[in-house]
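Here is how the chains run, residue by residue.
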Amino acid sequence: MSAYRRELGLFSATMSVVGGIIGSGIFINSSIVAQRLPSGGWVLAAWGVGGVVALLGAFIFAELGQRMPKVGGGYAYLRAAFGPLPGFLYGWALLLIMATGAAAAVAMTFATYLQALTGFAPSFIPAIAAGALLLLSALNMAGVRPAAWTLNVLTVLKLAALIALIGAGLLLGSPAASTTIDATPNTQHAPLYLAFASALVPILFSYGGWQQTNFVAEEIREPETTLPRALLLGVLIVVAVYCLANAAYLRTLGHTGLALSTAPAGDTMAAVLGPWGRTFITAGITISTFGFLDLVILVSPRVYQAMAADGLFFKSFARISPTTGTPMTAIAFQGLWAVALLFTKSYGQLLDYVTFADWIFFGATALTLLVLRRRPAAPGYRAPAAPLAIALFVAAAGYVVIGSIAADPGNAIRGAGLLALGVPVYLFWRWRGGLAPAGGR
């Protein structure tokens with residue numbers, strides 16, 4: 001039976017961590033945080049606290065990756081610690097909505113910014129988005145090396161765009177320089193403890209994504225040491241970039257200007273460099289979203305392949321091509337399903353339904369470390385202050401889940417229903433094909 005090839009080194013693994021976190025949010029959504037907090041100092045403090053939560057998650061997932069360098073990441077950990085049903089529901093949610101819906105949404109974002117950059121007819125945006133999904137799916141089917149090389153280049157370019165943004169904002173920016181914003185901010189100054197907690201929700205979503213590198217653990221060289229290093233280094237890079245980018249926004253736009261802006265990156269660059277600056281950052285967002293899309297298409301099919309190898313999905317999904325070393329059927333199906341969601345225009349609504357589920361799985365996966373630590377393991381990386389780190393991370397995940405449910409209970413009910421649909425599907429596959437022993441892949 002064909003197996004994965006260990007072709008990813010520390011640089012590629014680190015770039016997959018960075019690329020899996022940085023999409024379009026840091027370029028666009030910082031204004032939401034500014035609307036919810038009373039001053040720029042509190043805005044920076046909130047982004048710093050979000051970075052601490054992300055680092056706690058990196059500590060935890062680094063040890064999980066060291067203990068179980070298995071393809072599938074969270075699926076493998078949930079199955080080993082809590083049984084096959086929680087693992088299956090995670091993979092089910094990824095395939096049905098979370099990965100495919102996110103891919104469709106990011107593809108539309110990419111195509112929209114490409115249209116703004118190049119000026120083609122807006123009616124072509126859906127076709128361009130579908131073309132991006134199919135192109136990157138084909139690239140990933142061709143092998144992990146070309147997909148990772150593409151991701152590396154795109155991630156370096158997006159970091160370069162962010163560094164240019166940070167440099168322009170911090171060195172050239174001044175609140176007085178911004179003349180493009182002249183409305184009244186929609187700030188929501190609730191009691192500070194509530195405002196701060198509310199601001200953390202979009203921040204924590206912006207920091208999400210580091211866990212995806214664990215999906216490809218079996219394709220990383222010396223994963224027991226490389227994966228923990230990549231996770232910690234990648235998250236540290238993102239925390240620094242996010243905090244500095246928000247400092248640049250605040251220096252150029254001021255707190256009120258940031259709260260008013262619908263495109264803080266574009267407004268910042270336009271304020272200091274004029275129309276050319278806005279065009280430059282539009283190109284940066286286009287590159288960033290395309291790179292994020294490549295990462296989602298690269299890593300998620302490894303979860304479906306692991307499920308199928310365990311007897312919980314179509315056998316064809318379990319096959320790894322002896323020529324390319326990739327799960328070609330899983331990649332192709334994911335791409336086609338994402339295109340279907342794109343053209344039915346249902347991806348945005350479906351993602352809203354299951355937004356809370358992502359952090360349910362984050363918290364549950366962190367808890368697997370408490371179970372797995374009771375089992376023998378080879379010496380290696382250990383998460384510092386693990387019980388406390390896990391408790392803090394799970395508390396943060398719980399807050400996001402509760403906040404998402406409170407914000408829209410109807411969406412949460414519908415999302416729970418979509419997840420519940422996975423239970424009879426799981427029972428069908430158990431009845432049809434049995435279940436491979438844990439760790440038997």
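Each value, and the rule that gives it
Residues numbered from 1 in each chain as written. Predicted model: local features only at pLDDT ≥ 70, side-chain atom pairs only at ≥ 80, totals over all residues. Heavy atoms only, no water. Helix = DSSP H or I, 4+ residues; strand = E, 2+ residues; numbered from the N terminus. Rg over C-alpha atoms; globule rule 2.2 N^0.38 Å. Contact = heavy atoms within 4.5 Å. Areas by Shrake-Rupley, 256 points an atom, 1.4 Å probe, with all protein chains shown as cover. Lys, Arg positive; Asp, Glu negative; His and termini not counted. Charge placed at Lys NZ, Arg CZ, Asp CG, Glu CD. Phe/Tyr/Trp six-rings, centres within 6.5 Å; stacked < 30°, edge-to-face > 60°. Buried < 20%, exposed > 50% of the residue type's maximum accessible area, 1.4 Å probe, protein only. Axes fitted to C-alpha atoms, helices over the stretch in contact; angles between N-to-C directions. Left-handed = near helix turned anticlockwise from the far one by under 90°. Nonpolar A, V, L, I, M, F, W, Y, C, P; charged D, E, K, R; others polar. Salt bridge = Lys/Arg side-chain N within 4 Å of Asp/Glu carboxyl O. Parallel < 35°, antiparallel > 145°, perpendicular 65-115°, else oblique. pLDDT = per-residue confidence, 0-100. Expected span 1.5 Å × (residues − 1). Arc of directions from axis to C-beta. Patch = residues over 30% accessible without salt bridge, like charges linked within 9 Å, V, L, I, M, F, W, Y side chains within 5 Å. Polar contact = N/O pair within 3.5 Å; in protein donor to acceptor, adjacent residues only side chain to side chain.

Thoughts on the overall build of the chain
A count of helices and strands for the chain gives 19 helices and 0 strands. Its C-alpha atoms give the chain a radius of gyration of 21 Å, near enough to 22 Å, the size a compact globule of 441 residues would have. Dimensions of the chain, computed from C-alpha atoms along their principal axes, come out at roughly 65 × 50 × 40 Å. For the chain, the proportion of contacts with a sequence separation of at least 24, taken over those separated by at least 6, is 85%. Carbon and sulfur atoms make up 69% of the accessible area of the chain, which amounts to about 16,900 Å² in all. Where the 24 positive side-chain charges of the chain centre and where its 13 negative ones centre are 7 Å apart.

Points about unusual backbone geometry
The phi dihedral of Glu222 falls on the positive side, at around 45 degrees, and the residue is not glycine. Along the chain, Glu222 turns up in the loop between helix H9 (192-207) and helix H10 (223-260). The phi angle at Ala385 is positive, at roughly 50 degrees, despite the residue not being glycine. Within the element layout of this structure, Ala385 appears in the loop between helix H16 (347-372) and helix H17 (386-407).

Considerations on the packing of aromatic side chains
Summed over the entire model, instances satisfying the criterion amount to 24 aromatic pairs. Here Trp47 and Tyr242 contribute two aromatic rings whose centre-to-centre distance is 5.6 Å and whose plane-to-plane angle is 90 degrees, an arrangement assigned as edge-to-face. Here the residue Trp47 occupies a position in helix H4 (residues 40-67), and Tyr242 occupies one in helix H10, the gap between them amounting to 195 residues. In this structure, Trp47 and Tyr242 share a single accessibility class: buried. Judged by centre distance (6.3 Å) and plane angle (85 degrees), the rings of Phe205 and Trp359 are edge-to-face. Here Trp359 lies in helix H16 and Phe205 lies in helix H9, a separation of 154 residues in the sequence. On the basis of relative accessible area, Trp359 is assigned to the buried category, the value being 2%. Clustering of aromatic rings is evident, with ring pairs tying together Phe313, Phe314, Phe317, Phe333, Phe428, Trp429 and Trp431.

Quick look at the packing of helix H6 (residues 84-118) against helix H15 (residues 328-344)
Put simply, H6 and H15 touch, their axes get as near as 8 Å, and they point 65 degrees apart. Here H6 runs over H15; the crossing is right-handed. Facing H6, whose interface residues are Leu95, Leu96, Ala99, Thr100, Gly101, Ala103, Ala104, Ala107 and Met108, H15 presents Phe333, Gln334, Trp337, Ala338, Leu341 and Leu342. Each residue belonging to the contact of H6 with H15 can be placed in one class, and the counts come to 12 nonpolar, 3 polar and no charged.

Some remarks on the pattern of salt bridges
Under the defined criterion, the tally for this structure stands at 6 salt bridges. Among the salt bridges present, the one from Arg302 reaches Glu219, with a minimum N-O distance of 2.8 Å. One end of the pair, Arg302, is in helix H13 (residues 301-309); the other, Glu219, is in the loop between H9 and H10, with 83 residues separating them in the sequence. The pair formed by Arg302 and Glu219 is uniform in burial state, with each residue classed as buried. A single salt-bridge network, built from bridges that share partners, covers Glu63, Arg67 and Arg373.

Overview of the packing of H6 against helix H7 (residues 125-141)
With their axes 8 Å apart at the nearest point, H6 and H7 run at an angle of 125 degrees to one another. Put simply, H6 runs oblique to H7. Considering only the axes of H6 and H7, their crossing is right-handed. Counted together, Ala103, Ala104, Ala107, Met108, Phe110, Ala111, Thr112, Leu114 and Gln115 of H6 and Ile125, Pro126, Ile128, Ala129, Ala132 and Leu133 of H7 form the full contact between these two elements. The residue inventory of the contact of H6 with H7, partitioned by class, reads 13 nonpolar, 2 polar and no charged.

A few points about the confidence of the model for the chain
Predicted confidence across the chain gives a mean pLDDT of 88, with 94% of residues reaching 70 or more. Mean pLDDT values over the elements of the chain span from 83, in H9, up to 96, in H7. A low-confidence stretch, residues 176-186 (pLDDT under 50), is modelled with 16 contacts involving residues beyond four sequence positions or located in other chains.

Looking at H17
For an α-helix, 3.6 residues make a turn, and residues three or four places apart therefore share a direction. For H17, spanning 22 residues, the distance from its first C-alpha to its last is 31 Å, which sits close to the expected 32 Å at 1.5 Å a residue. What H17 keeps buried is the set Ala386, Ala389, Ile390, Phe393, Ala396, Ala397, Val400, Val401 and Ser404. The buried residues of H17 all sit within an arc of 135 degrees when viewed along its axis, so they share a single face. Projecting away from the buried face of H17 at angles above 90 degrees are the exposed residues Pro387, Leu388, Ile402 and Ala406. Packing partners of the buried residues in H17 comprise H4, H9 and H16.

Describing a nonpolar patch on the surface
A contiguous nonpolar surface patch, about 620 Å² in accessible area, is contributed by Leu170, Leu171, Leu172, Leu244, Leu273 and Trp276. A per-element tally of the nonpolar patch places helix H8 (residues 144-172) first, with 3 residues. Summarising the element assignment, Leu170 is placed in helix H8.

Considerations on the side chain of Thr289
By secondary structure assignment, the location of Thr289 is in helix H12 (residues 275-299). For Thr289, a relative accessible area of 2% corresponds to the buried category. From its side chain, Thr289 meets the backbone oxygen of Thr286 in a polar contact 3.0 Å long. Excluding anything up to four places from it in sequence, Thr289 contacts Ser24, Val106, Thr109 and Phe110.

Description of helix H1 (residues 10-21)
Taking 1.5 Å of rise per residue, 12 residues should cover 16 Å, and H1 covers 17 Å from first to last C-alpha, within 8% of that figure. For H1, the buried fraction is high: 10 of the 12 residues fall into the buried class. Of the residues making up H1, those classed as buried are Ser12, Ala13, Thr14, Met15, Ser16, Val17, Val18, Gly19, Gly20 and Ile21.

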